[in-house]
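For reference, the chains in residue letters:
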Protein chains: 2
Amino acid sequence: MAFMHYTRDNMASLLRSHDINPTHQRIEIAYALFSRQEHLSADQVMAIVNTRHSETSKATVYNTLKLFLEKGLVREVIVDPSKVFYDPNTRPHHHLYEVDSGRLSDIDAAHVRISGLPALPEGMVTEGIDLIVRVRRAQ
Amino acid sequence: MAFMHYTRDNMASLLRSHDINPTHQRIEIAYALFSRQEHLSADQVMAIVNTRHSETSKATVYNTLKLFLEKGLVREVIVDPSKVFYDPNTRPHHHLYEVDSGRLSDIDAAHVRISGLPALPEGMVTEGIDLIVRVRRAQ
DNA sequence: CCTCGATCTGGACTTTGTCTAATTCCCGGA
DNA sequence: TCCGGGAATTAGACAAAGTCCAGATCGAGG
């Protein structure tokens, strides 16, 4: 799958193989994501899909990305500070996030070992390393 | 510092020791965070600080939390999907996030070793482990 | 060609956070 | 005590990202 050509036909099979009904809009959105092999935000997907003329609504883009997520076709990466928690504990530690309840608790840093990070980009410094284990209720 | 009593007077010293001018509002916000030793979101802080009657504006709460963050008094934990990236690569890997530019790139999972995670809470399953290394331009 | 469930749509709405111009606070000097 | 002025605070308008809903449309199977 990794080396396939990213054609719209192949997107249709990809969707079907993930138990997703391949509609025009879903195929376009999948094509936008996979042909670029980049991390895209919802509005970037919107922009790409509607380049020529408006074809796909905002609601559909959001619904489709959520569907792809459920079906394991894409991963979600949360990076931007929008809904943020402020933690008075500044000692090194990591976090366990219960998706259902929104509860956030600590994981002792001693339990986590991270090594061999690649060199940082030129002129960059580490602002923080955040390990967030996301858990939810089974089923 | 870890075992001090969380009085408003102590908050004032704590703020001064972090080079923060201790105003009424800042003391109340620090007290809310530290006396609870919990992860609080901005609107939770708002609610706590304005329990009796409205005393502190939204802008001040946000400004103050940002100030505390800069001065290293609190940490920021990003957990909730608000600004999200969708990643077509579902193979195990982690992420390098450049705060300034918003650019997001991959770190091969082979370069990162995470071990000794604690047992999950009863009835919980892992939804994902996200290691996000946040970097920014020096100075 | 029809039907009907699945999908899609525009647009109103919510949430979280930012911005700004005006006001208030408070400290240090006279 | 009074005053000046910079720091801090405020209300409220605004912005960005995402959700929701009722109606319109699509398209596969009969």
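Look up a bit, the structure's there.
Parameters at a glance
Counting restarts for each chain, with residues numbered from 1 along the sequence as it is written. Think of it this way: whatever chain is written first is A, whatever ligand is written first is 1, and the rest follow in order. With the structure being a predicted model, the display of local features is reserved for residues of pLDDT at least 70 and the display and counting of side-chain atom pairs for 80 or more, all residues being used for whole-chain, interface and lining totals. For side-chain calculations, the full set of non-hydrogen atoms in the structure is used, while hydrogens and water are omitted. Starting at the N terminus, helices and strands are each numbered in turn, a helix being any DSSP run of H or I of at least four residues and a strand any DSSP run of E of at least two. For every residue, the accessible area (1.4 Å probe, protein chains only) is compared with the maximum for its type, and the residue is labelled buried under 20%, exposed over 50%, or partly exposed between those bounds. Between Lys or Arg on one side and Asp or Glu on the other, a salt bridge is scored when a side-chain nitrogen of the former is within 4 Å of a carboxyl oxygen of the latter. For our purposes a nonpolar core is just a set of buried Ala, Val, Leu, Ile, Met, Phe, Trp, Tyr and Cys residues, chained together by side-chain atoms within 4.5 Å. In this description, contact between two residues means that some pair of their heavy atoms is separated by no more than 4.5 Å.

*Asks:* Help me out: how do you make sense of the overall build of chain A in this one?
*Replies:* Per the secondary structure count, chain A includes four helices and six strands. Its helices and strands in sequence order give chain A the pattern α-α-β-α-α-β-β-β-β-β, from N to C terminus. When each of the 139 residues of chain A is scored for burial, the buried share is 40%.

*Asks:* Teacher, can you tell me more about the pattern of salt bridges here?
*Replies:* When the charged atoms of two side chains lie near each other, side chains of opposite charge can form a pair. Residue and element names in this part refer to chain A. By the definition in use, this model includes four salt bridges over all chains. Notably, a salt bridge pairs Arg 8 with Glu 28, separated by 2.6 Å at the nearest N-O pair. With Arg 8 in helix H1 (residues 8-17) and Glu 28 in helix H2 (residues 24-36), this pair connects stretches of sequence that are 20 residues apart. Residue Arg 8 is classed as partly exposed on the basis of its relative accessible area, which comes to 39%.

*Asks:* Looking at this structure, I do not really get unusual backbone geometry. What am I missing?
*Replies:* Peptide bonds are, in most cases, trans, and in most cases residues other than glycine have a negative phi. Backbone geometry at Asp19(A) places phi at a positive 65°, although glycine is not the residue there. By the secondary structure assignment, Asp19(A) is in the loop between H1 and H2.

*Asks:* Where do I start with the nonpolar core in this structure?
*Replies:* Here is a general trend for soluble globular proteins: nonpolar side chains tend to be buried in one another's company. By size, the foremost hydrophobic cluster in this structure holds 22 residues, and its most contacted members are Leu33(A) and Phe68(A). Elements with a minimum of two residues in this core: H1, H2, helix H3 (42-49) and helix H4 (58-70) of chain A. Among the elements that make up this core, the one with the highest residue count is H2(A) (six residues). Excluding residues within four positions of it along the chain, Phe68(A) makes contact with Leu15(A), Ile20(A), Arg26(A), Ile29(A), Ala30(A), Leu33(A), Leu73(A) and Val74(A). Within the second largest apolar cluster, 21 residues are counted, among which are Met11(B), Leu14(B), Val45(B) and Val49(B).

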